[in-house]
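Chain and residue survey
The lines below spell out each chain.
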Amino acid sequence: MEMRGVPLRVELGPKDVAKQAAVLARRDRPGREGKISASLADLPTTIERLLVDIQQALRDKALAFRKSNTHDAKTYDELKKAVENGFAFSFWCGSADCEAKIKEETRATMRCIRWTRKGGGGNCVYCAQPATARAIFARAY
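Reference entry: report on the structure contained in this document. Nothing here was measured: the structure is a model prediction, and the numbers come from that model. (Residues numbered from 1 in each chain as written. Predicted model: local features only at pLDDT ≥ 70, side-chain atom pairs only at ≥ 80, totals over all residues. Heavy atoms only, no water.)

Quick notes on a nonpolar patch on the surface
Residues Val10, Leu12 and Val17 make up a contiguous nonpolar surface patch of roughly 250 Å² in combined accessible area. Looking at the element boundaries, Val17 is found in helix α1 (residues 14-19). Val17 sits in the partly exposed class, given a relative accessible area of 42%. (Patch = residues over 30% accessible without salt bridge, like charges linked within 9 Å, V, L, I, M, F, W, Y side chains within 5 Å. Areas by Shrake-Rupley, 256 points an atom, 1.4 Å probe, with all protein chains shown as cover. Salt bridge = Lys/Arg side-chain N within 4 Å of Asp/Glu carboxyl O. Helix = DSSP H or I, 4+ residues; strand = E, 2+ residues; numbered from the N terminus. Buried < 20%, exposed > 50% of the residue type's maximum accessible area, 1.4 Å probe, protein only.)

The following block contains the structure:
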């Protein structure tokens, strides 16, 4: 039985014990591609290396997903469209009223606020007032 969140499964049967080996199965690579055989003597080192590799692979996959699903929304219509299936990165004035109206109308909430840098300002995507920050909006799933 697979346990959720477990990145690596160690398979050890009677034949494996006789060969002084174990089969390691990565959950991020299903099938034969994710299985390797390792000697029992080297098991701790092999597992440590595999866990580092798995963590990096999962991180890279998550960053690629975030990048491909984050859209620079300059208008409110673009924000509404972006949050249907991803994230909207937009200027925001800092007003709780604008945040509440965006949430009410789109079901999207603010996920992260990035402060604007000098020379990189803009206007709020909702009210068109000068923005104090850039925020990421998304719907909860």
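Having seen the model, we can carry on.
Side note on the nonpolar core
With 16 residues, the main nonpolar core has Leu79, Val83, Ala88, Trp92, Ile102 and Phe137 as its most contacted residues. Take this core: its biggest share by element is 4 residues, from helix α3 (residues 76-85). For Trp92, the residues in contact, after removing those within four places along its chain, are Cys98, Glu99, Met110, Ile113, Cys124, Ala131, Thr132, Ala133, Ala135 and Phe137. (Core = buried A, V, L, I, M, F, W, Y, C linked by side-chain atoms within 4.5 Å. Contact = heavy atoms within 4.5 Å.)

Points about the pairing of strand β7 (residues 133-139)
Most of β7 is tucked away: 6 of the 7 residues are buried. Of the strand pairs in this sheet, strand β5 (residues 87-92) and β7 are connected by 6 bridges, and their pairing is antiparallel. Each bridged residue has a counterpart across the sheet, and for Trp92 the counterpart in β7 is Ala133. (Pairing = 2+ DSSP bridges.)

What about the packing of aromatic side chains?
For the structure on display, the rule yields 1 aromatic pair. Consider the rings of Tyr76 and Tyr126, whose centres lie 5.0 Å apart with planes at 85 degrees: the pair is edge-to-face. With a gap of 50 residues between them, Tyr76 in helix α3 and Tyr126 in the loop between β6 (108-115) and β7 connect regions that are remote in the sequence. You can call Tyr76 buried: its relative accessible area is 14%. Judged by relative accessible area, Tyr126 falls into the partly exposed class, the value being 26%. The ring centre of Phe89 lies 3.9 Å from the NZ or CZ of Arg134, which sits over that ring. (Phe/Tyr/Trp six-rings, centres within 6.5 Å; stacked < 30°, edge-to-face > 60°. Lys NZ or Arg CZ within 6 Å of the ring centre and 35° of its normal.)

In short, geometric facts, not functional conclusions.
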